[in-house]
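# Structural overview for review
This is what each chain is made of:
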Amino acid sequence: MGNLSGTKILYIEDSETQRQLVKSIIEDECGFQVDAVATGVEGLKTWAAGSYDVLAVDYELPDMNGINICHTILSEQPDLPIVMVTGKGDESIAAEALNLGVSHYITKDSPTVFMKLLPVIIRKLADQALELKEKRRAELALKESEANAQRERELLNNAISSFKDGFALYDKDDKMVICNDTYLAAMDGKRDDLSPGMSFEEVLRIRAKHNRSTLSEEWIQNRIVRHANPTQQFDTTQVDGRFFQLHDFKTQDGGTATIRIDVTELKKAEEGLHAAERHNQLILDSVGDGIYGVDSDGRFTFANPTAREMIGFSDEELIGKNSHEMIHHTYPDGTPHPNEKCPMLLARLEGGDYANSNDVFWRKDGTSFPVEYTSKPIMKNGQLVGNVVAF
């Protein structure tokens, strides 16, 4: 039995004596609040204005019968517990009341029995009313929880749908929970084949069915292993030539989030850059002049084959080393040439060009040779990042 404190009873009875007696007994024995009225009209008005848990109504009233009252109230509150009270037993009235939805029927043939039974019935109906209240609260809480969950799902769907990259979430059993349209687009027109609840392997095999040239059985098995134990991103190519980076992340509940990033344009840009670099390297390798580059601190960053042949150093011996200390450390007359007095250094610090037609560079074997060279600054975003020297 739950907490029945605060239970309110409405009793409609035309007998003043009966009204007060029942009110007193119910309040004393049950501890409930009882509002007692004398007529059907007054009873309906009181019921509409209040919030009652149980209704006890006499069948015979001066302005209407209890059946009419019950019909009116139950049409608006069909689960309200009601006990019908009559002066004499009448099976037809009892059947009509019970068929209407009245919970209990009791007669006043024996006042002693009536006064003993009525509190028991009222308490039982109060328990029933409390159960109904708790059921309504639970149903309301469930509806509110479902509504909140639906709102959260919609927010999540909206957020995921806004991703320009493909996204899918798999639960701890590796079943798909949700994914966005970009992820589905990888199906190459077969997106209707995918649905939540599919396993990650099922998704892979559906994709493989439409990408046989790129998704082999070996690829599928490797992908399953990577998905189950994500460590780092990896690249994949689709049958249409698009490139993707795949990232898997474990969630706190043991699921896996998968992100597919289309890097086709980036790959094309990288290939274009590599092609340009290869082209530039071919030019550097084929010219007859020596060319080398230094960073903003004067350290070698590259030297073409002609430059390396002229000074006698390999790439490994040059890259990262100070150019002045390697090949420009001594004047033609053999006296030391301090770095701080190097005109190339001074020009580099000022970000300007420098040319010299009467200087020497020193070889690895300690011999020197006369050079004519030009030094030009390398700028990036308005900042000096180094120099290129041709000699």
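Going by the structure above, here's the rest.
We now turn to the structure provided with this report. Along every chain, residues carry numbers that run from 1 in the direction the sequence is written. Restriction of local features to residues with pLDDT of at least 70 applies here, the model being predicted, together with a cutoff of 80 or more for giving and counting side-chain atom pairs; totals for whole chains, interfaces and linings are based on all residues. Only hydrogens and water are set aside; all other atoms, that is, all heavy atoms of the structure, feed into the side-chain values.

This brings us to the nonpolar core. By nonpolar core we mean a set of buried residues, namely Ala, Val, Leu, Ile, Met, Phe, Trp, Tyr and Cys, connected to one another through side-chain atoms within 4.5 Å. Burial here depends on accessible area, computed with a 1.4 Å probe over protein chains only, as a share of the maximum for the residue type. Under 20% is buried, over 50% is exposed, and the range in between is partly exposed. Core analysis: the largest hydrophobic core is formed by 22 residues, its most contacted members being I26, F32, V83, F114 and I122. A run of DSSP states H or I qualifies as a helix once it reaches four residues; a run of E qualifies as a strand once it reaches two. Both are numbered from the N-terminal end. Elements supplying a minimum of two residues to this core: β1 (8–12), α1 (16–30), β3 (54–58), β4 (82–86) and α5 (111–161). Here this core gets eight residues from one element, more than from any other, and that element is α5. Throughout, a residue-residue contact means that at least one pair of heavy atoms, one from each residue, lies within 4.5 Å. In contact with I26, other than residues within four places in its own chain, are I9, G31, F32, V34, L118, P119 and I122.

As a general point, the strands of a sheet are linked pairwise by backbone hydrogen bonds and lie either parallel or antiparallel. Only when DSSP finds a minimum of two bridges between them are two strands counted as paired. With antiparallel pairing, five strands are arranged side by side in an open sheet as β7-β6-β10-β9-β8. Here the strands that pair on one side only, and so sit at the sheet edges, are β7 (176–179) and β8 (234–237). Each adjacent strand pair in this sheet contributes to an overall mean axis angle of 25°, direction not counted. As paired elements, strand β6 (residues 166–170) and strand β10 (residues 256–262) share five bridges and run antiparallel to each other. In the strand pairing of β10, A168 is matched with T258. This element, helix α8 (residues 217–228), spans β6, β8, β9 (243–250) and β10 of the sheet and lies at about 40° to β9. For helices, the fitted axis covers only the stretch in contact; all axes are lines through C-alpha atoms, and the angles between them, taken along N-to-C directions, range from 0 to 180 degrees.

Burial within strand β11 (residues 291–295) is extensive, with five of its five residues counted as buried. Alternating residues of β11 divide into I291, G293 and D295 and Y292 and V294, and every residue in both groups is buried. Looking at chain direction, β11 and strand β15 (residues 383–390) are connected through five bridges and run antiparallel. Opposite D295, over in β15, you have G386 as the bridge partner. One ladder, built from three bridges, connects β11 with strand β12 (residues 300–303); its direction is antiparallel.

With that settled, consider the environment of G366. Considering the arrangement of structural elements, one finds G366 in the loop between β13 (354–362) and β14 (368–380). Through-space distance from the C-alpha of G366 to that of F313 is 11 Å; in sequence the pair is 53 residues apart.

Read across the open sheet, the five strands follow the order β12-β11-β15-β14-β13; overall the sheet is antiparallel. Where the open sheet ends on each side, the last strands, each with one partner, are β12 and β13. Between one strand axis and the next, the sheet turns by 30° as a mean value, whatever way the strands run. The sheet strands contacting helix α13 (residues 343–350) are β11, β13, β14 and β15, and the helix crosses β13 at an angle near 135°.

Let's shift gears to the packing of α1 against α5. Where α1 meets α5, the axes come as close as 10 Å, and the angle between the chain directions of the two elements is 55°. Relative to α5, the element α1 is oriented oblique. Viewed along their axes, α1 and α5 form a crossing whose handedness is right-handed. Between α1, through Q18, L21, V22, I25, I26, E29 and C30, and α5, the contact on the second element is made entirely by F114, M115, L118, P119, I122 and R123. Any angle that falls under 35 degrees is termed roughly parallel, while one over 145 is termed roughly antiparallel, one within 65 to 115 roughly perpendicular, and all others oblique. Definitions for this section: a left-handed crossing has its near helix turned counterclockwise from the far helix by less than a right angle. A right-handed crossing has that turn clockwise.

Within β6, four of the five residues are buried, which leaves the element mostly enclosed by the surrounding structure. Connecting β6 to the next strand, β7, in antiparallel fashion are five residues, including D174 with a positive phi near 65°.

It is worth spelling out the packing of helix α2 (residues 40–49) against helix α3 (residues 66–76) at this point. Packed helices, taken two at a time, are described by the angle between their axes plus the distance between the axes. Where α2 contacts α3, the two axes come as close as 10 Å, and the packing angle between them is 15°. Considering their axes alone, α2 and α3 lie roughly parallel with respect to each other. Seen from above, α2 lies across α3 with right-handed handedness. On α3, the residues touching G40, L44 and W47 of α2 are I69, T72, I73 and E76. Under the grouping applied here, Gly and all other residues not named as nonpolar or charged are polar, the nonpolar ones being Ala, Val, Leu, Ile, Met, Phe, Trp, Tyr, Cys and Pro and the charged ones Asp, Glu, Lys and Arg. The residue makeup of the contact of α2 with α3, split by class, is four nonpolar, two polar and one charged.

By definition here, a salt bridge exists when the distance from a side-chain nitrogen of Lys or Arg to a carboxyl oxygen of Asp or Glu is within 4 Å. For the structure on display, the rule yields 16 salt bridges. Close ionic contact of D165 with K164 constitutes a salt bridge, the shortest N to O distance being 3.6 Å. Since its relative accessible area comes to 70%, K164 is described here as exposed. Put simply, R308 and D315 hold a salt bridge, and the shortest N to O gap is 3.6 Å. By relative accessible area, which is 23% here, R308 ends up partly exposed. Judged by its relative accessible area of 28%, D315 is partly exposed.

Turning to α2, a few remarks are in order. Note: α-helices contain 3.6 residues per turn, so residues at a spacing of three or four share the same orientation. Those residues of α2 that sit buried are G40, G43, L44 and W47. One side of α2 holds all its buried residues, which, seen down the axis, span an arc of 95°. Facing away from the buried side of α2 by more than 90 degrees, the exposed set consists of K45 and A49. Buried residues along α2 sit in contact with β1, β2 (33–37) and α3. Directions are taken from the helix axis to each C-beta atom, and the arc is the one they span.

Moving on, we get to unusual backbone geometry. Positive phi is not limited to glycine here, since D174 has a value of about 65°. On the basis of relative accessible area, D174 is assigned to the partly exposed category, the value being 24%. Although it is not a glycine, N381 adopts a positive phi angle of roughly 55°. Of note, N381 is situated in the loop between β14 and β15. Since its relative accessible area comes to 76%, N381 is described here as exposed.

Function cannot be read off these values alone, since they describe shape.
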